[in-house]
Amino acid sequence: MKIGLFIPCYVDVVFPEVGLATYKLLKHLGLDVTYPEKQTCCGQPMANAGFEKQAIPLAENFVDKFSEFDYVVTPGVSCTAFIRLNYGRLLNHECKTAEKCMDVVEFLHDVVKVDRRLGTFAHKVSLHNSCHGVRELGLSSPSEMHVDKFNKIKDLLQLVDGIDVVEPERPDECCGFGGMFSIEETAVSAQMGLDKVERHIQTGAEYITGPDCSCLMHMAGIARKQGKKIEFKHVVEILAAGL
């Protein structure tokens, strides 16, 4: 099984430690992982801003770089959702490369089916369920649907020694980031983020974790500005801690 590692822009530029942790974890599990050079943005920012035509060359480059792999794995929920749900339409043909693109959480949970003990992280952690992950990738059960409750992120975190995983009130309510939404509706976005951070803090957690750096970045910025004493870590950093 050949795996191509795709690192989203904001992970590469702002959270490189998340990319390194992803590679480290996949290698620890004995997987064949390659990081293709000259990979670029997936095109989501352009498409979200209404400039879909500018996203097409980036989609074509993505397919060129990753078509040879059995799976494309990335620590980026929103990028995974954009690629999988939109590339076929943007490229105007069935896109097999996009179909085999998976967020690292769903890949580890659904394909690798990890069941061994992982690292150690002796802290209380509040789990943030990002909107794209809940409603487009099925990482957890959406509260508005009458389905049996599940959470793939929590399943993986429970393989870490010493961790205490909790969830806030309204566990899958949006944090307010939403890409362009946070720019176009700044005041609303900031208030949603503050409300979400407060609910996480009320759990008594030391850390907030989740599968999407963009949500964590948004909440971390609000927490720092408001002087809130809570830390943030991507879920893959916790899974790889101490390996």
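The structure we're discussing is the one just above.
Residues numbered from 1 in each chain as written. Predicted model: local features only at pLDDT ≥ 70, side-chain atom pairs only at ≥ 80, totals over all residues. Heavy atoms only, no water.

Chemist: Is there a simple way to think about the packing of aromatic side chains in this case?
Modeler: What describes a pair of aromatic rings is the distance from one ring centre to the other and the angle between the planes of the rings. Per the counting criterion, the structure on display carries 8 aromatic pairs. Centroid distance Phe6 to Phe62: 5.1 Å. Interplanar angle 85°. Geometry classified as edge-to-face. Residue Phe6 is located in the loop between β1 (2–5) and α1 (9–13), and its partner Phe62 is located in helix α4 (residues 52–66); the two are separated by 56 residues in the primary sequence. Both residues of the pair, Phe6 and Phe62, count as buried. Ring plane angle 85° and centroid distance 5.6 Å describe the contact between Phe62 and Tyr87, whose orientation is recorded as edge-to-face. Highlighted residues: Phe62 in helix α4 and Tyr87 in helix α5 (residues 77–91), separated in sequence by 25 residues. Side by side, Phe62 and Tyr87 carry an identical accessibility label, which is buried. (Phe/Tyr/Trp six-rings, centres within 6.5 Å; stacked < 30°, edge-to-face > 60°. Helix = DSSP H or I, 4+ residues; strand = E, 2+ residues; numbered from the N terminus. Buried < 20%, exposed > 50% of the residue type's maximum accessible area, 1.4 Å probe, protein only.)

Chemist: Would you mind going over the nonpolar core with me for this structure?
Modeler: Soluble globular proteins: nonpolar side chains tend toward being buried together. In terms of nonpolar packing, the biggest core is built from 61 residues, with Tyr87, Leu108, Leu157 and Leu239 touching the most fellow members. Apart from residues no more than four positions distant in its own chain, Leu108 is found in contact with Leu25, Leu26, Leu29, Lys113, Val114, Leu156 and Leu239. The next biggest cluster of nonpolar side chains, apart from the first, holds 11 residues, and it includes Val197, Ile208, Met219 and Ala220. (Core = buried A, V, L, I, M, F, W, Y, C linked by side-chain atoms within 4.5 Å. Contact = heavy atoms within 4.5 Å.)

Chemist: Help me out: how do you make sense of the pairing of strand β3 (residues 71–74) in this one?
Modeler: Regular strands show a simple pattern: their side chains alternate between the two faces of the sheet. In terms of strand pairing, β1 meets β3 through 3 bridges, oriented parallel. Residue pairing in the sheet places Leu5 in a bridge with Val73 of β3. With 3 bridges joining them, β3 and strand β4 (residues 101–103) adopt parallel strand pairing. Counted as the bridge partner of Val73 is Met102 from β4. (Pairing = 2+ DSSP bridges.)

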